[in-house]
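Below, each chain spelled out in residue letters.
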Amino acid sequence: TEESELAAGLVGFLGVLPEALAADVIGAVPAIEADLDRWQLGASYDLGAAKLFAQYGQNKFDVDGGGSAKAKFYQLGAAVPVTAQGTVLASFANHKVDDTDVKLRDFTVAYDHALSKRTSAYAAFKSVRVKAEGDKETLNTFAVGVKHAF
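Cut-off values and rules
Residues numbered from 1 in each chain as written. Predicted model: local features only at pLDDT ≥ 70, side-chain atom pairs only at ≥ 80, totals over all residues. Heavy atoms only, no water. Helix = DSSP H or I, 4+ residues; strand = E, 2+ residues; numbered from the N terminus. Buried < 20%, exposed > 50% of the residue type's maximum accessible area, 1.4 Å probe, protein only. Contact = heavy atoms within 4.5 Å. Salt bridge = Lys/Arg side-chain N within 4 Å of Asp/Glu carboxyl O. Phe/Tyr/Trp six-rings, centres within 6.5 Å; stacked < 30°, edge-to-face > 60°. Patch = residues over 30% accessible without salt bridge, like charges linked within 9 Å, V, L, I, M, F, W, Y side chains within 5 Å. Areas by Shrake-Rupley, 256 points an atom, 1.4 Å probe, with all protein chains shown as cover. Lys, Arg positive; Asp, Glu negative; His and termini not counted. Charge placed at Lys NZ, Arg CZ, Asp CG, Glu CD. Polar contact = N/O pair within 3.5 Å; in protein donor to acceptor, adjacent residues only side chain to side chain.

**Points about the overall build of the chain**
Reasoning step 1: Of the regular secondary structure elements, the chain holds 0 helices and 9 strands.
Reasoning step 2: Seen in sequence order, the chain has helices and strands lined up from the N terminus as β-β-β-β-β-β-β-β-β.
Reasoning step 3: Counting the 150 residues in the chain, one finds 20% classified as buried.
Reasoning step 4: Partitioning the contacts of the chain with sequence separation of at least 6, the portion at a separation of at least 24 is 31%.

Written as structure tokens, this is what we have:
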């Protein structure tokens, strides 16, 4: 299978609301033997006391040998400064595969603390719930670390 990827993006401003549109076509996804087309639209708005984020998109898989699946998703998030160096981040996302009962929901909450202009320490908790064919499973993850922007 030939592997290739084409991506494009557009960022603009509608009044005071920045928005972004991204689309890409991946020629092949070897792990699942499928072609993937996807697009997403995102926007953010800075309220001053908090910054809000939203995105909506779709992934379409054309499986080698026949068949296809389309998954739609949305995500809502916020970043709220709580101190001069600290920000609380929260995000909720929902994914649904069309014509199936497969759903994925995840919730993330994190704290990011600036140590310098380019370095910060963080702690995060993420809970992912997957529902498929009547079964539900939840995976919880906790992470801590230091990040540095180069």
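So, next bit.
**So, the pattern of salt bridges**
Note on pairing: side chains with opposite charge can pair once their charged atoms come close.
Reasoning step 1: Overall, the coordinates contain 2 salt bridges when judged by the stated rule.
Reasoning step 2: The salt bridge partner of Asp 98 is Lys 72, with a shortest N-O separation of 3.8 Å. One end of the pair, Asp 98, is in the loop between strand 6 (86-97) and strand 7 (103-114); the other, Lys 72, is in strand 5 (residues 68-81), and 26 residues separate them in sequence.
Reasoning step 3: Given a relative accessible area of 31%, Lys 72 falls into the partly exposed group.
Reasoning step 4: For Lys 147, the salt bridge is made with Asp 112, and the minimal N-O distance between the two is 3.6 Å. You can see Lys 147 sitting in strand 9 (residues 135-148) and its partner Asp 112 sitting in strand 7, a full 35 residues away along the chain.

**Observations regarding the packing of aromatic side chains**
Reasoning step 1: In the structure shown here, the tally under the stated rule is 2 aromatic pairs.
Reasoning step 2: Between Trp 39 and Tyr 56, the aromatic rings sit 5.8 Å apart at their centres with planes inclined by 55°, giving tilted as the arrangement. Of this pair, Trp 39 sits in strand 3 (residues 34-46) while Tyr 56 sits in strand 4 (residues 51-63), and the two are 17 residues apart along the sequence.
Reasoning step 3: Taking the centre distance of 6.2 Å and the plane angle of 50° together, the rings of Tyr 74 and Phe 92 count as tilted.

**Observations regarding the environment of Ala 110**
Reasoning step 1: Structurally, Ala 110 can be placed in strand 7.
Reasoning step 2: Put simply, Ala 110 and Phe 142 are 32 residues apart on the chain and 9.5 Å apart in space, counted from C-alpha to C-alpha.

**Some words on a positive patch on the surface**
Reasoning step 1: A cluster of basic residues, Lys 103, Arg 105, Arg 129 and Lys 136, forms a positive patch at the surface.
Reasoning step 2: Among the structural elements, Lys 136 can be located in strand 9.

**Description of a nonpolar patch on the surface**
Reasoning step 1: Side chains of Val 80, Val 82, Val 88, Phe 107, Val 109, Tyr 111, Phe 125, Phe 142 and Val 144 sit close together on the surface and give an oily, nonpolar patch of about 740 Å² of accessible area.
Reasoning step 2: For the nonpolar patch, the element with the most residues is strand 7, which contributes 3 residues.
Reasoning step 3: Its location among the elements puts Tyr 111 in strand 7.
Reasoning step 4: A relative accessible area of 31% places Tyr 111 in the partly exposed class.

**Quick look at a negative patch on the surface**
Reasoning step 1: On the surface, a cluster of negative charge is contributed by Asp 101, Glu 133, Asp 135 and Glu 137.
Reasoning step 2: On the accessibility criterion, Asp 101 (31% relative accessible area) is partly exposed.

**Some remarks on the side chain of Asp 112**
Reasoning step 1: Accessibility expressed as a relative area gives 16% for Asp 112, which makes it buried.
Reasoning step 2: Polar contacts involving the side chain of Asp 112 include one to the side chain of Ser 120, which spans 3.1 Å.
Reasoning step 3: With residues up to four places along the chain from it excluded, the contact list for Asp 112 reads Gln 85, Gly 86, Thr 87, Leu 89, Ser 120, Ala 121, Tyr 122 and Lys 147.

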